Amino acid sequence: MENDGELTEDEVFKCLSILGQSATGLQHTYLCLSVPGRDLKNVSILCNYIYLQKLELPYNKIKDLSCVSHMPHLIILDASHNQLTDFFGFQPPKNLKEVNFSHNQIAVMKDLSAYSSLSKLILDYNSFSAISGLEKCKRLSHLSLAHNNISRIRGLDHLPLRVLCLRANVISKIENLQTLRNLQVLDLSCNRIQSLLGLQNIHLLGTVNLESNLISEIKEAAHLHDLILLREMNLLRNPVQNQDDYRLAVIFLLQHLILLDQHTVTAEEKVSAVNKYDPPLEVIAARDHMTHLMYQLMQPQVIFDSTLPSLDAPYPMLVLTGPQACGKRELAHKLCREFRDYFAYGACHTTRGPYYGEEDGSDYHFVTEEEFQNMIQMGQFVQTMQYGGHWYGLSRESIEHVAREGLACCVHMELEGVYSLKNSCFEPRYVLLIPTVVDNYVCFLKARGFYSNAQMETAVSRIDLYAKINREKPGFFDNIIPCDDRAEAYQTLKQLVKEYLGLEEQGGEDDSSSVTPDNTSTNATGELLAANTTKDTDLMDSYSRNYQNKIQAKMTPQQSPAEMASNHRRQQLIREALSGKSLGAYAELFQRSAPTAPSSLASHSLPQPGHSSSSVRPVGLDGHDPDEDSSSEESRASSGLSMRSSAGALSAESPARGSDTGSGPNIEPLDISMFGQDRDSLRGHMDSGLTPDAPRSERVSPTLPSSPGRPGANVKPVLPPIPSGRKTNDSGSKQ
Ligand SMILES: Nc1ncnc2c1ncn2[C@@H]1O[C@H](COP(=O)(O)OP(=O)(O)OP(=O)(O)O)[C@@H](O)[C@H]1O
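As the structure is a prediction and not an experimental result, all values here were calculated from the model.

1. What to know about the overall build of the protein
Here is step 1 of the chain: Helix and strand counts for the protein come out as 21 helices and 24 strands.
Here is step 2 of the chain: Put simply, the protein has 735 residues, and 51% of those count as buried.
Here is step 3 of the chain: As presented, the protein carries roughly 33000 Å² of accessible surface, and 52% of it is formed by carbon and sulfur atoms.

2. A few points about the site of the ligand
Here is step 1 of the chain: Neighbouring the ligand are 22 residues; Lys-328, Arg-352, Tyr-364, Glu-414 and Arg-448 lie closest to it.
Here is step 2 of the chain: The contact in question runs from a nitrogen atom of the ligand to an N or O atom on the backbone of Leu-394, over 3.5 Å.
Here is step 3 of the chain: With respect to the ligand, the side chain of His-412 contributes an N or O atom lying 2.8 Å from an oxygen atom.
Here is step 4 of the chain: Coverage of the ligand by the protein amounts to 100% of the 590 Å² it exposes when considered alone.

3. Digging into the state of the cysteines
Here is step 1 of the chain: Under the defined criterion, the tally for this structure stands at 0 disulfides.
Here is step 2 of the chain: Of the cysteine sulfurs around Cys-32, a residue in no disulfide, the closest is that of Cys-15, at 10.0 Å.

4. Observations concerning the pairing of strand β18 (residues 381–387)
Here is step 1 of the chain: Summarising burial for β18: 6 of the 7 residues are buried, a large majority.
Here is step 2 of the chain: Connecting β18 to the antiparallel partner strand β19 (residues 390–395) that follows it, the hairpin turn spans 2 residues, and Gly-388 within it adopts a positive phi of roughly 55 degrees.

5. Thoughts on helix α4 (residues 281–297)
Here is step 1 of the chain: Its 17 residues give α4 an end-to-end C-alpha distance of 24 Å, which sits within 8% of 24 Å, the value for a rise of 1.5 Å per residue.
Here is step 2 of the chain: Within α4, the full set of buried residues consists of Leu-281, Val-283, Ala-285, Asp-288, His-289, His-292 and Gln-296.

6. Considering the side chain of His-412
Here is step 1 of the chain: With respect to the helices and strands, the residue His-412 is situated in strand β20 (residues 408–413).
Here is step 2 of the chain: Only 2.9 Å separates the side chain of His-412 from the side chain of Tyr-345, close enough to count as a polar contact.
Here is step 3 of the chain: Ignoring any residue separated from it by four or fewer positions in sequence, one finds His-412 in contact with Leu-320, Lys-328, Arg-329, Tyr-345, Cys-348 and Tyr-364.

7. Structural notes on the sheet that holds β20
Here is step 1 of the chain: In spatial order, the strands read β15-β20-β14-β21-β22; together these 5 strands make up an open sheet with parallel pairing. Bordering the open sheet on either side are β15 (343–345) and β22 (479–482), each of which pairs with just one other strand. Across this sheet, the average inter-strand angle for adjacent strands is 25 degrees, counted without regard to direction.
Here is step 2 of the chain: With 3 bridges connecting them, β15 and β20 associate as parallel partners. Each bridged residue has a counterpart across the sheet, and for Ala-344 the counterpart in β20 is Cys-409.
Here is step 3 of the chain: Those strands touched by helix α11 (residues 486–501) are β14 (317–321), β15, β21 (429–434) and β22, and its axis lies near 160 degrees from that of β22.

8. Some words on the packing of aromatic side chains
Here is step 1 of the chain: One pass over the full model with this rule turns up 20 aromatic pairs.
Here is step 2 of the chain: Taking the centre distance of 5.6 Å and the plane angle of 80 degrees together, the rings of Phe-87 and Phe-128 count as edge-to-face. You can see Phe-87 sitting in the loop between β4 (76–78) and β5 (98–100) and its partner Phe-128 sitting in the loop between β6 (120–122) and β7 (142–144), a full 41 residues away along the chain.
Here is step 3 of the chain: Assessed through its relative accessible area of 2%, Phe-87 is described here as buried.
Here is step 4 of the chain: Considering the side-chain rings of Phe-252 and Tyr-277, the 5.5 Å spacing of their centres and the 35 degrees angle between planes classify their relative orientation as tilted. You can see Phe-252 sitting in helix α2 (residues 246–253) and its partner Tyr-277 sitting in helix α3 (residues 267–277), a full 25 residues away along the chain.
Here is step 5 of the chain: Tyr-277 gets classed as partly exposed once you look at its relative accessible area, which sits at 33%.
Here is step 6 of the chain: Aromatic rings pair up to connect Phe-87, Phe-88, Phe-90, Phe-101, Tyr-115 and Phe-128 into one cluster.
Here is step 7 of the chain: Between the NZ or CZ atom of Arg-352 and the centre of the ring of Tyr-355, over which it lies, the distance is 3.8 Å.
Here is step 8 of the chain: Above the face of the Phe-444 ring, Arg-486 is positioned so that its terminal group lies 3.8 Å from the ring centre.

9. Some remarks on the environment of Tyr-355
Here is step 1 of the chain: Note on placement: Tyr-355 falls in the loop between β16 (348–350) and β17 (364–366).
Here is step 2 of the chain: Exposure remark for Tyr-355: the relative accessible area of 18% places this residue in the buried category.
Here is step 3 of the chain: Put simply, Tyr-355 and Phe-450 are 95 residues apart on the chain and 7.6 Å apart in space, counted from C-alpha to C-alpha.
Here is step 4 of the chain: Sequence-distant contacts of Tyr-355, that is, excluding residues within four places in its chain, are made with Gln-324, Phe-450 and Tyr-451.

10. Some thoughts on the nonpolar core
Here is step 1 of the chain: Membership of the largest hydrophobic core comes to 83 residues, with the highest contact counts inside it found for Leu-46, Leu-65, Phe-88, Phe-101, Leu-134, Leu-156 and Leu-199.
Here is step 2 of the chain: Sorting the residues of this core by element identifies α1 (9–15) and α2 as the ones contributing at least two each.

11. With respect to the confidence of the model for the protein
Here is step 1 of the chain: For the protein, per-residue confidence averages 78 on the pLDDT scale, and residues scoring 70 or more make up 70% of the total.
Here is step 2 of the chain: The low-confidence segment residues 506–545 (pLDDT under 50) makes 92 contacts with residues lying over four places distant or belonging to another chain.
Here is step 3 of the chain: Ignoring residues within four places in sequence, the model shows residues 722–735, a span with pLDDT below 50, making 43 contacts including any to other chains.

12. Here's the deal with the pattern of salt bridges
When the charged atoms of two side chains with opposite charge come close together, those side chains can pair.
Here is step 1 of the chain: Taken as a whole, this structure holds 20 salt bridges when the rule is applied.
Here is step 2 of the chain: Note that Asp-363 is salt-bridged to Arg-329, the shortest N-O span being 3.2 Å. Of this pair, Asp-363 sits in the loop between β16 and β17 while Arg-329 sits in helix α5 (residues 328–338), and the two are 34 residues apart along the sequence. The burial state of Asp-363 is the same as that of Arg-329; both residues are buried.
Here is step 3 of the chain: A salt bridge links Arg-352 to Glu-358; its shortest N-O distance comes to 2.8 Å. Neither residue differs from the other here; Arg-352 and Glu-358 are each classed as buried.
Here is step 4 of the chain: Look at the salt bridges and you will find they share partners, linking Arg-329, Arg-352, Glu-358 and Asp-363 into a network.

13. Quick look at the packing of α5 against α11
Here is step 1 of the chain: Orientation of α5 relative to α11, taken along the N-to-C sense of each, is 50 degrees, at an axis distance of 11 Å. By the angle between their directions, the pair α5 and α11 is classed as oblique. Relative to α11, the crossing made by α5 is right-handed. Contacts from Glu-330, Leu-331, Lys-334, Leu-335 and Glu-338 in α5 reach Arg-486, Ala-489, Tyr-490, Leu-493, Lys-494 and Val-497 in α11.

Cut-off values and rules
- Residues numbered from 1 in each chain as written.
- Predicted model: local features only at pLDDT ≥ 70, side-chain atom pairs only at ≥ 80, totals over all residues.
- Heavy atoms only, no water.
- Helix = DSSP H or I, 4+ residues; strand = E, 2+ residues; numbered from the N terminus.
- Buried < 20%, exposed > 50% of the residue type's maximum accessible area, 1.4 Å probe, protein only.
- Areas by Shrake-Rupley, 256 points an atom, 1.4 Å probe, with all protein chains shown as cover.
- Near = heavy atom within 4 Å.
- Polar contact = N/O pair within 3.5 Å; in protein donor to acceptor, adjacent residues only side chain to side chain.
- Disulfide = S-S within 2.5 Å.
- Pairing = 2+ DSSP bridges.
- Expected span 1.5 Å × (residues − 1).
- Contact = heavy atoms within 4.5 Å.
- Axes fitted to C-alpha atoms, helices over the stretch in contact; angles between N-to-C directions.
- Phe/Tyr/Trp six-rings, centres within 6.5 Å; stacked < 30°, edge-to-face > 60°.
- Lys NZ or Arg CZ within 6 Å of the ring centre and 35° of its normal.
- Core = buried A, V, L, I, M, F, W, Y, C linked by side-chain atoms within 4.5 Å.
- pLDDT = per-residue confidence, 0-100.
- Salt bridge = Lys/Arg side-chain N within 4 Å of Asp/Glu carboxyl O.
- Parallel < 35°, antiparallel > 145°, perpendicular 65-115°, else oblique.
- Left-handed = near helix turned anticlockwise from the far one by under 90°.

Here it is, written out as structure tokens:
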């Protein structure tokens, strides 16, 4: 510079740009001056350029900017990379919005209340040690103070900042940011921060850079958990990076992130993170199943007693599920005692010690942790779960023990067990026993005297889990029984089991011998026998039929209540037509419409407020309340009751029709012939001239109520049978 760093008029002329109207609107003038990198020291000549709106003087050696006092219309000022020591050493231009003083030597911030229009202030690479004077900058949305000596975050309260950069200072604590309600981008990299506490209330925060700090604990990320708009976070070069599974853990804690440490968070990573730290029940069950299957496959393979000769007949099991102490075990024992010709109790293994009165081998097989783990590794379990710090597991041998007796196995377990069992080859009926009056349930838990408060809280909280699964997965449980009153629950369960089995009472209720195969419903039984005869002779056919049913049930989207109602009406008409009856148009028009939502049948079983659980009434296949219909011969003929008995015949006669009928929430009877009934005598009944086309109302006792059905019931058309002749005293395994 000839003039020793002084800006000359010639030079100014060369550097002016943007000809436009002055702010006063009275004349045309140049609005912008840009003189970068000229080693300027003296710019006092600019006092004459009062209309400038944008002034750029970077990379010079300017120490004095007082000329700006003469530029009342200035909007943008860039004086970066100079030698300024004075902070805003000029009279405030009224509309000054953007100022860049980075790379200067300013040490102290002064009061900027006069700069009320300021919206962007860049003060990087100076010598500031404290933030001050910004309180009145009510439009300041971007503030950068990178590479200074700031040790504490202060003086920013209630500013409308959207971007705040405090990179490369000496900050050790995130503080006083909670009032920055608009903050979206925060750069605190290269500081000395150890904790993320202090960020939790900045709800609009989308990007936070914490690279090169001292964060060492993964759990610090939990402070950001509620920041649902947080998309980008950088924790590179923090000690926390050395923690095992750091990335997955952070992704799990901050599931909205799309960029972590400058790398995109993939969908796979998100799934892995959730599966690792909060696996859904399905995942837990899949892992459990895989474990046991793998260990089991490592053992010498045998044909199990529970493997039935018919390909489509899974071994019959009944699973009672529900929260702890809801009475599952008690009811299971009672059921097995009363239906001892059909069911036996499958005792699980547990590592918990026996409670008072519990018998080893009867309630549980009580084993040590070591024994339990050995059993796992020997592939002896079908499923296991940890509950209340103890292991529980259903061993293959428990099932085989019952199967060898020619009986169906009745077990009880928590929800996780159900999930796991659903992955196995078994296809039990799942009956949910659920408390509906929480207070009663709590009283019951307390009365048992076994459980700590925490255990009781867990048990109570799981009621909602069961209810949620039932709500969200219609058909997950085959039946739901409120268990507030154990006696009532048992009666409902008993009734249900009888329906499964196709039984009818002949004598007193509690007399075990009174529960016998329904020889009086000979037609129904005969038809079922016919169906099973077909099965025996035509295994592949029935297998593929069942297989098709399953596939179809899986592929078919869940029907809406309206669809189901429509299907029901059509099926009913078909039934009427099949039984030789046809409703008149009038009757069809004015017939009472049936309940339409089998998916909510479960909740039908739950008493409504103000009703006792005894008000629970089973609902038939077609959604009819049997009581409601019982007076009408015609409606009885087309009810779920008669349909239930005809289902076997239909399936035997025509697979297609069989599967059609199965699409309703029908619960078909267990083929009792498979429990050692004399087939020939039953066949005799069948041969006595009764055909599937005979009027349905005559075939089944109308006193037998149908059970609550469920969508997808056709997946398990019957509680699968044990073939006749299997029930034997010889308990030798067929290996
Ligand atoms: N193999 C298993 N898999 C999953 N859950 C199981 C298994 N065996 C037992 N459970 C369940 O573990 C829970 C704890 O068992 P515990 O014996 O302490 O309860 P409980 O008092 O018998 O409960 P309930 O009276 O409802 O049967 C119960 O809900 C029980 O059903």
